[in-house]
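# Coordinates in review
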Amino acid sequence: MATIAVMGAGIGGISQVYELKKELGKDHDIVLVGDSDRFEFTPSNPWVAVGTRTEDQIVIDLPDLMKKYGIRFDGQGVKRLHPDHKTLEMNDGTVIAYDYLVIATGPKLAFEEVEGLGPHGGYTKSICKTGHAADSYFEFEKLVANPGPVVVGAAPFASCFGPAYEYALILDTELKKRKVRDKVPMYFVTPEPYIGHLGLDGVGDTKSLLESELRDRHIKWVTNAKITNVEEGKIHFTEVDEDGNDKKQHEQEFVHAMILPAFKGVDAVAGIEGLTNPRDFILIDDYQRNPKYQNIYSVGVCVAIPPVSATPVATGAPKTGYMIESMVTATTHNIAAAIEGKEPSTQATWNAVCLADFGDGGVAFVALPQIPPRNTNWASKGKWVHVAKIAYEKYFLHKVRAAKTEPYYEKMVLKMAGAVRLKESI
Ligand SMILES: Cc1cc2nc3c(=O)[nH]c(=O)nc-3n(C[C@H](O)[C@H](O)[C@H](O)COP(=O)(O)OP(=O)(O)OC[C@H]3O[C@@H](n4cnc5c(N)ncnc54)[C@H](O)[C@@H]3O)c2cc1C
């Protein structure tokens, strides 16, 4: 009997344990290792931040659920991975031994890279964690009561721009509903070289689609922006030219700001020679497997992927839900093969498929493959995206509660989008 530990109980980790359980059955021991007792459905965080969802609606308690499906669970959090000993040292001092490990720890939110950034002692809010979004909702209500300027955007080295656009546009929609939008000047500040780049060098016509959306909603933007520091009520950033030289210094006053931080790998794996890259993302081969520690696999945001294109201010490539699910399926097949003594042979496609909600509509895109030129390079705007995003939330939460394993996007969204079917990944 092999023990397979999955580190991180987010979108990647939860999908991974269910797939492994289905593939390996009762013959092997599967353990899910989180850093709390809960699963958070991160894509709904922008709704929590404006009060259209409560924290309880998108969080699922894990201990009893995992017990029900015969999966061991430990929510103490990994303090340090010891790959040479095949052990996880937990925050409570206990040790979990494994034969195979899947690292699915998502990002470390590197607020500390910009002075004054972030919800822990800084002056900007975040929607990256559900708790951050719930905390930001209090500030949203204060904004409605005392309207003033708003800044939304991302710091250098951010790699997930969709949620910043979503938050800006959802906020615009909600402020209109509250009849105070006319008293709220809004600014979008991003390291992307152009609006709609998304860390993917654009998908289909996301440049025009998102520019026109921001224009229509009177949201002014600055691209190639390097946020340098934040003080109470004021954000400082440098706009650079296409060669990365300083072009203009900006300062913008705000009463509410939500800035996505740089992403890094988590502390529990930081600096492990051969396992991580300089920003502590997990190095993997074509089979989601670490080249040095061949019993370690990785899926999701914590995986090292090179940027799609070099940009004047550093940006990273996003890892979206469908891409993560394709990594999970490949990993399941490869671990099952390794247990049988075979070489892994399954590769994920890493296609980028995403729904960005605006509260009253949205943009969907499909980038296949991620790096241009692409076989499918499609984006579309419409009210149906808002409906599809709600369906995605309901479906994924149901899938977690019911231990289902089908990827949502392939089953539903691509059909609704009328997009060309994705090349089979596995
Ligand atoms: C606000 C937001 C909205 C998004 N919306 C979408 C969307 O609509 N569609 C889409 O396709 N993608 C979206 N994404 C991108 C991506 O799908 C999500 O970020 C997704 O949650 C990533 O899954 P993951 O499993 O890699 O990481 P996570 O979901 O972040 O899960 C990682 C888990 O590991 C835990 N962990 C970290 N360190 C340790 C440790 N030492 N020990 C144990 N556990 C640990 C974390 O607490 C977390 O629970 C969004 C991202 C954000 C931030």
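Everything quoted here is computed from the prediction, not taken from an experiment.

### Concerning the overall build of the protein chain
Of the regular secondary structure elements, the protein chain holds 9 helices and 22 strands. A compact globule built from 426 residues should have a C-alpha radius of gyration of about 22 Å, and the protein chain, at 21 Å, falls within 12% of that. Referenced to the eigenvectors of the C-alpha coordinate spread, the extents of the protein chain come out at roughly 65 × 45 × 45 Å. Per-residue burial for the protein chain yields a buried fraction of 53% across its 426 residues. For the protein chain, restricting intrachain contacts to residue pairs at least 6 apart in sequence, the fraction spanning at least 24 positions comes to 66%.

### What to know about the site of the ligand
The immediate surroundings of the ligand are formed by 32 residues, with Gly8, Gly10, Gly106, Gly300 and Gly321 found nearest. Elements supplying a minimum of two residues to the shell around the ligand: helix 1 (11-24), helix 5 (162-177), helix 7 (321-339) and strand 20 (352-357). Tallied by class, the residues present in the shell around the ligand amount to 17 nonpolar, 14 polar and 1 charged.

### As for helix 8 (residues 383-402)
Here helix 8 contains 20 residues, and its C-alpha end-to-end distance of 29 Å stays within 8% of the 28 Å for a straight helix at 1.5 Å per residue. Positive phi shows up at alanine 403, right after helix 8, with a value of about 55°.

### Structural notes on helix 7
Residues separated by three or four positions in an α-helix point in the same direction, a consequence of the helix having 3.6 residues per turn. With 19 residues, helix 7 ought to run about 27 Å at 1.5 Å a step, and its terminal C-alpha atoms sit 27 Å apart, in line with that. Within helix 7, 15 of the 19 residues are buried, which leaves the element mostly enclosed by the surrounding structure. At the C-terminal side of helix 7, glycine 341 shows a positive phi close to 80°.

### With respect to the sheet that holds strand 1 (residues 3-7)
Pairing is parallel in the open sheet, where 5 strands are placed in the order 5-2-1-9-19. Each of the sheet's edge strands pairs with one partner strand only, and the pair in question is strand 5 (72-74) and strand 19 (296-298). Recorded for the sheet is a direction-independent mean angle of 20° between the axes of neighbouring strands. Judged from the 3 bridges that link them, strand 9 (residues 100-103) and strand 19 form a sheet pairing that is parallel. Along strand 19, the bridge assignment pairs valine 102 with tyrosine 297. The strands touched by helix 1 within the sheet are strand 1, strand 2 (29-33) and strand 9, with strand 2 carrying the most contacts at an inclination of about 170°.

### Digging into unusual backbone geometry
Of note, aspartate 201 is a non-glycine position whose phi angle comes to about 55°, a positive value. Assignment of secondary structure puts aspartate 201 in the loop between strand 12 (186-189) and helix 6 (206-216). Assessed through the 23 C-beta atoms surrounding it within 10 Å, aspartate 201 is described here as buried.

### Quick notes on the sheet that holds strand 16 (residues 246-253)
The strand order 14-15-16 describes an open sheet built from 3 strands, whose pairing is antiparallel. The sheet terminates laterally at strand 14 (225-231) and strand 16, the two strands that pair on one side only. Geometrically, the sheet is characterised by an average inter-axis angle of 20° between neighbouring strands, direction not taken into account. As judged from the 6 bridges shared by strand 14 and strand 15 (residues 234-240), these two strands associate in the antiparallel manner. Pairing of lysine 226 across the sheet is with threonine 238, part of strand 15.

### Quick word on the pairing of strand 11 (residues 150-154)
Along strand 11, 5 of the 5 residues are buried, which leaves the element largely enclosed by surrounding structure. In the sheet, strand 11 pairs with strand 12 via 4 bridges, with the strands oriented parallel. Within strand 12, the residue paired with valine 150 across the bridge is methionine 186. A crossover links strand 11 with its parallel partner strand 12, the connecting element being helix 5, and its sense is right-handed. In the sheet, strand 11 pairs with strand 17 (residues 256-260) via 5 bridges, with the strands oriented parallel. The residue bridging valine 150 from the neighbouring strand is histidine 256, located in strand 17.

### Concerning the environment of leucine 65
On the secondary structure map, leucine 65 appears in helix 3 (residues 63-68). Taking C-alpha positions, leucine 65 is 45 Å from proline 185, a pair spaced 120 residues apart along the chain.

### A look at the packing of helix 1 against helix 7
One way to put it is that helix 1 packs onto helix 7 with a least axis distance of 9 Å and a crossing angle of 35°. The element helix 1 and its partner helix 7 pack so that their crossing is right-handed. Where helix 1 abuts helix 7, its residues Ile11, Gly12, Ser15, Gln16, Glu19, Leu20, Glu23 and Leu24 lie against Gly321, Ile324, Glu325, Val328, Thr329, Thr331, Thr332, Ile335 and Ala336. Grouping the amino acids of the contact of helix 1 with helix 7 by side-chain chemistry returns 7 nonpolar, 7 polar and 3 charged.

### Description of the confidence of the model for the protein chain
Here the protein chain averages 93 in pLDDT, and 95% of its residues register 70 or above. In this model, residues 418-426 is a region of pLDDT below 50 whose contacts with residues beyond four sequence positions or in other chains number 21 contacts.

Conventions we followed
- Residues numbered from 1 in each chain as written.
- Predicted model: local features only at pLDDT ≥ 70, side-chain atom pairs only at ≥ 80, totals over all residues.
- Helix = DSSP H or I, 4+ residues; strand = E, 2+ residues; numbered from the N terminus.
- Rg over C-alpha atoms; globule rule 2.2 N^0.38 Å.
- Buried ≥ 20, exposed ≤ 12 C-beta atoms within 10 Å, placed from the backbone.
- Contact = placed C-beta atoms within 7 Å.
- Near = placed C-beta within 6 Å.
- Nonpolar A, V, L, I, M, F, W, Y, C, P; charged D, E, K, R; others polar.
- Expected span 1.5 Å × (residues − 1).
- Pairing = 2+ DSSP bridges.
- Axes fitted to C-alpha atoms, helices over the stretch in contact; angles between N-to-C directions.
- Right-handed = clockwise from strand over helix to strand, strands pointing away.
- Left-handed = near helix turned anticlockwise from the far one by under 90°.
- pLDDT = per-residue confidence, 0-100.

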